[in-house]
Amino acid sequence: MFINKVRPVLDVIEELSESGCVKGFRMRLGEGLMNSDSFSRIFNRFAEGTIFEDIDMEVEEVPVRYGCECGYVRNLSALSGGSSNCPRCGNDLEVVEGFDYELLDVF
Ligand SMILES: [Zn+2]
């Protein structure tokens with residue numbers, strides 16, 4: 001297991017520790033970081049034997065989206081195999097979301 005792959009999980013666990021979370025949490029998770037299945041699998045592995053064992057987690061996946069300053073947006077699946085330039089104006093597309101996570105609620 002590579003540390004940068006599990007990093008988001010470790011960061012979330014650290015944030016939960018600081019927030020005083022005891023029962024559960026809700027979060028948004030960018031698919032560019034990892035999918036929710038991997039997240040919960042890795043989380044449970046690290047949470048074993050800690051206060052976060054058997055915690056309620058609700059993970060909402062955020063698809064990777066790219067966008068252009070002209071307002072054009074498309075998701076990763078539409079981009080794969082194609083060019084990374086905007087079909088409208090030709091500018092480079094940039095990541096809009098999907099490579100980040102956000103804790104929405106802890107309780
Ligand atoms: Zn454009």
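For the structure, check the block above.
Calculation criteria
- Residues numbered from 1 in each chain as written.
- Predicted model: local features only at pLDDT ≥ 70, side-chain atom pairs only at ≥ 80, totals over all residues.
- Helix = DSSP H or I, 4+ residues; strand = E, 2+ residues; numbered from the N terminus.
- Rg over C-alpha atoms; globule rule 2.2 N^0.38 Å.
- Contact = placed C-beta atoms within 7 Å.
- Expected span 1.5 Å × (residues − 1).
- Axes fitted to C-alpha atoms, helices over the stretch in contact; angles between N-to-C directions.
- Parallel < 35°, antiparallel > 145°, perpendicular 65-115°, else oblique.
- Left-handed = near helix turned anticlockwise from the far one by under 90°.
- Pairing = 2+ DSSP bridges.

Below, the discussion takes up the overall build of the protein chain. Looking only at helices and strands, the protein chain features 3 helices and 6 strands. Reading the protein chain from its N end, one meets helices and strands in the order α-β-α-β-β-β-α-β-β. Radius of gyration (C-alpha) of the protein chain: 17 Å, far over the 13 Å computed for a compact globule of 107 residues. The principal-axis extents of the C-alpha atoms in the protein chain amount to approximately 55 × 25 × 15 Å. Once local pairs closer than 6 in sequence are excluded, the contacts in the protein chain between residues at least 24 apart make up 67%.

A word on helix α2 (residues 36-47). Look at α2: 16 Å from first C-alpha to last across 12 residues, which is about the 16 Å you get at 1.5 Å a residue. The positive-phi residue at the C-terminal boundary of α2 is glycine 49, with phi of around 80°.

At aspartate 54, a position not held by glycine, the phi torsion is positive, near 65°. Within the secondary structure, aspartate 54 sits in the loop between α2 and β2 (56-62).

Here we take up the packing of helix α1 (residues 3-19) against α2. Contact geometry of α1 with α2 gives a least axis separation of 10 Å together with a crossing angle of 55°. Taken together, the axes of α1 and α2 lie oblique to each other. α1 and α2 meet at a crossing whose hand is right-handed. Listed contacts from α2 to Val6, Val9 and Ile13 of α1 are Phe39, Ile42, Phe43 and Phe46.

The strand order across the open sheet formed by 3 strands is β4-β3-β5, and the pairing between neighbours is antiparallel. Each having just a single partner strand, β4 (73-75) and β5 (94-97) make up the two edges of the open sheet. Pairs of neighbouring strands in the sheet enclose a mean axial angle of 40°, with direction left out of account. As judged from the 3 bridges shared by strand β3 (residues 65-67) and β5, these two strands associate in the antiparallel manner. Residue arginine 65 lies in a different strand from β5, and its bridge partner there is glutamate 97.

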